[in-house]
Amino acid sequence: MNSQVQTEERAFEAALGDAVREVDSLIDRLIPVPPGPEARVFEAMRYAALGPGKRLRPFLVLQSARLFHVARRSALQVGAAVEMVHAYSLVHDDLPAMDDSDLRRGRATCHKQFDDATAVLAGDGLLTLAFEVLAHADTHGDPAVRCELVSALALAAGNQGMVGGQMFDLIAEHRPDLDIGAITRLQRLKTGALIAFSCEAGAILGKAPHEVRMALRGYAHDLGLAFQIADDLLDVEGSSDATGKPVGQDAVAGKATFVSILGAERARAQARLLVDQAVAHLDIFDANTELLRQTARFVVERHA
Ligand code: GRG
């Protein structure tokens, strides 16, 4: 590996590490545990949102916001909100009624650590709090921007986005015959929509022109698919120790995935192509795109 690449990788790791610390510290402040019996749901929300994850979505918010010189405090608020929605989706996805998983991020899933009802409530609490955070004056001084953020996150997370994708995914478990077009649509909804929101959030906060926002959407689209292919590859080739969650689940469920359809080698090649495409969308910007370029590479080379 040449020294230029090593320097860039170190800069990326340092920036990601800073983002994790700052976002976690904000989430910590946003979910203080009160006295009284309701404390249990606060503890379960903290367990889910502060677990050892990559904080990829908040990192994308911070980096897209940097392109428009948005105040760090505003971007962190949005990053915390999107991480709460992501954490809620993992808590509910792991429940017995859905994936029925015992392991997430290398430790007991929320419902195993607490109980099923508390996990449902913790997910509900995180989802609701995310919108409270976006609506707060700390997120942006202009109420129209806050309103646009609320609306964009609702679209990405709800039935027209992640929730719709999760429904499609549950139905797809019984449809090993799904083709690549159907799988692409499923993943765009289930994981792509929240990633797209994270990338576009900076443009919303910075009141950027439409064509710039569309460039970020293009980047997010290709990044989201590359991320999902990498996830499918990890399910086949990764280890439970590294990913912190069970592996081999898709094959056991007989699910159609990018890897089951394309095979591992073609899927890997497709992911690399998507990374190149994602990065090309950033050419419209003059500066500050290096970390977004690195993120695209990180997404396909990650082991967890
Ligand atoms: C329950 C409404 C509802 C939706 C759940 C996102 C999702 C929909 C389920 C997660 C299942 C899954 C493993 C999807 C594959 C892609 C994905 C979202 C992986 C987890 O995200 P990472 O890798 O996780 O960013 P960390 O732990 O790093 O935050």
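Here the residue numbers are simple positions, counted from 1 along each chain's written sequence. Local features in a predicted model are, by the rule used here, given only for residues with pLDDT of at least 70; side-chain atom pairs are given and counted only at 80 or more, and totals for whole chains, interfaces and linings are based on all residues. To obtain the side-chain values, all non-hydrogen atoms of the structure were used and water was disregarded.

Enquirer: Would you mind showing me how to read the site of the ligand here?
Expert: In the vicinity of the ligand there are 20 residues, among which Lys-54, Arg-57, His-86, Asp-93 and Arg-105 approach most closely. Side-chain polar atom of Lys-54 to an oxygen atom of the ligand: 2.5 Å apart, as the coordinates give it. In the analysis that follows, any N or O atom pair within 3.5 Å is treated as a polar contact, provided that within protein one partner can donate a hydrogen and the other can accept it, and provided that, for residues neighboring in sequence, both atoms belong to side chains. One of the side-chain nitrogen or oxygen atoms of Arg-57 is found 2.8 Å away from an oxygen atom of the ligand. In this description a helix means any DSSP run of H or I spanning at least four residues, a strand means any run of E spanning at least two, and both kinds are numbered starting from the N terminus. Mapped onto the shell around the ligand, the elements with two or more residues apiece are helix 4 (72-94), helix 8 (162-172), helix 9 (180-205) and helix 10 (210-237). Broken down by element, the shell around the ligand gets its largest block of residues, six residues, from helix 4. Looking at the shell around the ligand residue by residue, the class counts come to five nonpolar, seven polar and eight charged. Residue proximity to a molecule or strand is established when one non-hydrogen atom of the residue lies within 4 Å of it. The classification used treats Ala, Val, Leu, Ile, Met, Phe, Trp, Tyr, Cys and Pro as nonpolar, Asp, Glu, Lys and Arg as charged, and all other residues, Gly among them, as polar.

Enquirer: Sorry if this is basic, but what is going on with the pattern of salt bridges here?
Expert: Two side chains of opposite charge can pair, provided their charged atoms sit close to one another. The working definition used for a salt bridge is a side-chain nitrogen of Lys or Arg within 4 Å of a carboxyl oxygen of Asp or Glu. Under the criterion given, the structure shown has 23 salt bridges. In this structure, the salt-bridge partner of Glu-237 is Arg-268, at a minimum N-O distance of 3.1 Å. Of this pair, Glu-237 sits in helix 10 while Arg-268 sits in helix 14 (residues 264-280), and the two are 31 residues apart along the sequence. In this structure, a network of salt bridges that share partners links the residues Asp-24, Arg-55, Glu-83 and Arg-105.

Enquirer: Help me out: how do you make sense of helix 4 in this one?
Expert: Residues three or four positions apart in an α-helix share a direction because the helix packs 3.6 residues into each turn. The length a helix should cover is 1.5 Å for every residue beyond the first. Relative to the 33 Å expected for 23 residues at 1.5 Å per residue, helix 4 spans 32 Å between its end C-alpha atoms, a close match to the ideal helical length. Among the 23 residues of helix 4, 21 are classified as buried, and the element is accordingly described as predominantly covered. Each residue's exposure class comes from its accessible area (1.4 Å probe, protein chains only) as a fraction of the maximum for that residue type: buried when under 20%, exposed when over 50%, partly exposed otherwise.

Enquirer: I keep staring at the environment of Leu-62 and nothing clicks. Help me out?
Expert: Along the chain, Leu-62 falls in helix 3 (residues 56-66). The buried category is assigned to Leu-62, whose relative accessible area is 3%. For the pair Leu-62 and Pro-35, spaced 27 residues apart in sequence, the C-alpha to C-alpha distance is 33 Å.

Enquirer: It is not clear to me how helix 2 (residues 39-49) should be interpreted in this structure. Could you clarify?
Expert: Taken together, the buried positions of helix 2 are Ala-39, Val-41, Ala-44, Met-45, Tyr-47, Ala-48 and Ala-49. Residues are treated as being in contact if the distance between any of their heavy atoms lies within 4.5 Å. Those residues of helix 2 that are buried are in contact with helix 1 (3-30), helix 4, strand 2 (107-108), helix 5 (110-113) and helix 6 (116-135).

Enquirer: How should I be thinking about the packing of helix 8 against helix 9 in this particular structure?
Expert: Helices that pack against each other are described as a pair by the angle of their axes relative to one another and the distance between those axes. Angular values range over 0 to 180 degrees, each being the angle between N-to-C directions of two axes fitted as lines to C-alpha atoms, with helices fitted over their stretch in contact. Between helix 8 and helix 9, the least distance of the axes is 7 Å, while the angle of their chain directions is 140 degrees. Between helix 8 and helix 9, the angle is such that the two are oblique. Crossing of helix 8 over helix 9 shows left-handed handedness. For the pair helix 8 and helix 9, the contacting residues are Met-162, Gly-165, Gln-166, Phe-168, Asp-169 and Ala-172 in the first and Ala-182, Arg-185, Leu-186, Leu-189, Lys-190, Ala-193 and Leu-194 in the second. For classification purposes, angles smaller than 35 degrees are called roughly parallel, those larger than 145 roughly antiparallel, those between 65 and 115 roughly perpendicular, and all remaining angles oblique. Each helix crossing is assigned a hand: it is left-handed if the near helix lies turned anticlockwise from the far helix by less than a right angle, otherwise right-handed if that turn is clockwise.

Enquirer: Would you take a moment to explain a negative patch on the surface for this structure?
Expert: Think of a patch as exposed residues, more than 30% relative accessible area, with no salt bridge, where like charges cluster within 9 Å and nonpolar side chains (Val, Leu, Ile, Met, Phe, Trp, Tyr) cluster within 5 Å. Here the Shrake-Rupley method, with its probe set to 1.4 Å, supplies the accessible areas, and only the displayed protein chains count as covering residues. Asp and Glu count as negative and Lys and Arg as positive, but His and the ends of the chain are not part of the count. Lysine's charge is taken at NZ, arginine's at CZ, aspartate's at CG and glutamate's at CD. Where like charges cluster on the molecular surface, the negative patch consists of Asp-99, Asp-100, Asp-102 and Asp-116. With respect to the secondary-structure elements, Asp-100 resides in the loop between helix 4 and strand 1 (103-104).

Enquirer: Explain the packing of helix 1 against helix 3 to me, please; I cannot follow it from the model alone.
Expert: Running from N to C, helix 1 and helix 3 point in directions that differ by 105 degrees, and their axes come no closer than 10 Å. Comparing the axis directions of helix 1 and helix 3 gives the class roughly perpendicular. Where helix 1 abuts helix 3, its residues Phe-12, Ala-15, Leu-16, Ala-19 and Val-23 lie against Pro-58, Phe-59 and Leu-62. Residues that form the contact of helix 1 with helix 3 fall into these classes: eight nonpolar, no polar and no charged.

Enquirer: How do you make sense of the side chain of Thr-295 when you look at a structure like this?
Expert: Structurally, the position occupied by Thr-295 is in helix 15 (residues 290-301). On the basis of relative accessible area, Thr-295 is assigned to the buried category, the value being 0%. A distance of 2.6 Å separates a polar side-chain atom of Thr-295 from the backbone oxygen of Leu-291. Apart from residues lying up to four places away in sequence, Thr-295 is in contact with Phe-12, Leu-56, Phe-59, Leu-60, Tyr-219 and Leu-223.

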